[in-house]
Amino acid sequence: METAQNPRRILVAIKRVVDYNVRIRVKPDGTGVMLDGVKLAINPFDAIAIEEALRIKERGRADEVVVATIGPADCQPTLRNALSMGAQRALHVVADTALEPLAVARVLLKLVEREQPFLVILGKQAIDDDNNQTGQMLATLWNRPQATFASKLEVGETSAKVTREVDAGLETLEVDLPAVVTTDLRLNEPRFVKLPDIMKAKTKPLATIPLSEVGGAGTARVKVTKTEPPPGRQRGIMVKDTAELFAELHKRGLV
């Protein structure tokens, strides 16, 4: 374990998204998703990342867990929620517009250079855009090993063993530290936050950083031209037997 002067630190990047229990509604003009009056929460994969960082600290493998997010001024309650889970500090990069994954990775690299973590943990993807790119891009920019889709994480002094979920089953990697790890659903179940922890989180340090101090938004490469809701489900039909079912599927070009 490092000394107090050089703490062994984990940086967890989180994103605020529409709560997964909320039914998504598209704006009438098709310019995006309606957010007014909608419950917002920590991206579920990021909550798993926070939980894993806290468990690593509780096992004595880290001294400090720092959470960071990029977003508008009203993102601070999301960071306070992360602090109530048990993180020690929070970093808020204030950005009024949504950033693309590469721009997010570049901002996170600036935070990595500032905080000097031995491990960066992120959710494998955000449930609003499903890009699954930021962790990989950060590892490349940082020139450090990465292990994505982690379902098990064992941290040592100089390396980490990661079991990851792939199409063929499970794969185990050993990566040198510092490294970037992205979390999958089966890694853990985030803890229930108690009222005393919520109260303590109100006094924990939360630093506000202008986006311009950490590289800015960069040049946009993707432009969303229109947002549309998925088509409604068609009513099903009842068939008498397998022969009629096959005939209907054949008529629709499905067999």
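Throughout what follows, the structure given in this document is the object of discussion. (Residues numbered from 1 in each chain as written. Predicted model: local features only at pLDDT ≥ 70, side-chain atom pairs only at ≥ 80, totals over all residues. Heavy atoms only, no water.)

1. Thoughts on the overall build of the protein chain
Argument step 1. What the protein chain contains, in helices and strands, is 6 helices and 11 strands.
Argument step 2. The C-alpha extent of the protein chain, read off along each of the three principal axes, is 75 × 40 × 40 Å.
Argument step 3. Expressed as a percentage of the 255 residues in the protein chain, the buried residues total 41%.
Argument step 4. Considering only contacts in the protein chain between residues 6 or more positions apart, those separated by 24 or more positions represent 69%.
Argument step 5. Within the protein chain, the 33 negative side-chain charges are centred at a point lying 3 Å from the centre of the 36 positive side-chain charges. (Helix = DSSP H or I, 4+ residues; strand = E, 2+ residues; numbered from the N terminus. Buried < 20%, exposed > 50% of the residue type's maximum accessible area, 1.4 Å probe, protein only. Contact = heavy atoms within 4.5 Å. Lys, Arg positive; Asp, Glu negative; His and termini not counted. Charge placed at Lys NZ, Arg CZ, Asp CG, Glu CD.)

2. With respect to the pairing of strand 4 (residues 64-71)
Argument step 1. Among the 8 residues that make up strand 4, 7 are buried, leaving the element largely enclosed by the rest of the structure.
Argument step 2. In this sheet, strand 4 lies alongside strand 1 (residues 9-13) in parallel orientation, the contact comprising 5 bridges. For Val12, the partnering residue across the bridge sits in strand 4 and is Val67.
Argument step 3. As judged from the 6 bridges shared by strand 4 and strand 5 (residues 89-94), these two strands associate in the parallel manner. Looking at the pairing, Ala68 lines up with Leu91 of strand 5.
Argument step 4. Since strand 4 and strand 5 lie parallel, the crossover through helix 2 (residues 76-85) that links them has a hand, and here it is right-handed. (Pairing = 2+ DSSP bridges. Right-handed = clockwise from strand over helix to strand, strands pointing away.)

3. Digging into the side chain of Asn43
Argument step 1. Its location among the elements puts Asn43 in the loop between strand 3 (40-42) and helix 1 (44-58).
Argument step 2. If sequence neighbours within four positions are ignored, Asn43 has contacts with Lys15, Val17, Gln125, Ala126 and Ile127.

4. Re the environment of Met34
Argument step 1. By secondary structure assignment, the location of Met34 is in the loop between strand 2 (16-18) and strand 3.
Argument step 2. Judged by relative accessible area, which is 28%, Met34 ranks as partly exposed.
Argument step 3. As a C-alpha pair, Met34 and Lys110 span 76 residues in sequence and 31 Å in three-dimensional space.
Argument step 4. What Met34 contacts, discounting residues up to four positions off in sequence, is Arg25, Val26 and Lys27.

5. Focus: helix 6 (residues 242-251)
Argument step 1. Within helix 6, only 1 of the 10 residues are buried, which leaves the element largely exposed.
Argument step 2. Regarding helix 6, its N-cap is Asp241, as a side-chain oxygen of that residue lies 3.3 Å from the backbone nitrogen of Ala243 further along.
Argument step 3. Among the residues trailing helix 6, Gly253 stands out with phi positive, at a value near 75°. (Polar contact = N/O pair within 3.5 Å; in protein donor to acceptor, adjacent residues only side chain to side chain.)

6. With respect to the nonpolar core
Argument step 1. Core analysis: the biggest nonpolar cluster contains 36 residues, and Ile10, Val12, Ile50, Leu119 and Leu153 have the highest contact counts within it.
Argument step 2. Mapped onto this core, the elements with two or more residues apiece are strand 1, helix 1, strand 4, helix 2, strand 6 (119-123), strand 7 (146-155), strand 8 (159-166) and strand 10 (179-183).
Argument step 3. If you tally residues by element for this core, the top one is helix 1, at 7 residues.
Argument step 4. Leaving out residues up to four positions away in the same chain, Leu153 has contacts with Glu52, Ile56, Arg59, Leu119, Ile121, Ala160, Lys161, Val162, Val181 and Leu187.
Argument step 5. If you look at the next biggest cluster of nonpolar residues, it comprises 25 residues, including Val66, Ala103, Val112 and Ile209. (Core = buried A, V, L, I, M, F, W, Y, C linked by side-chain atoms within 4.5 Å.)

Geometry only, nothing functional implied.
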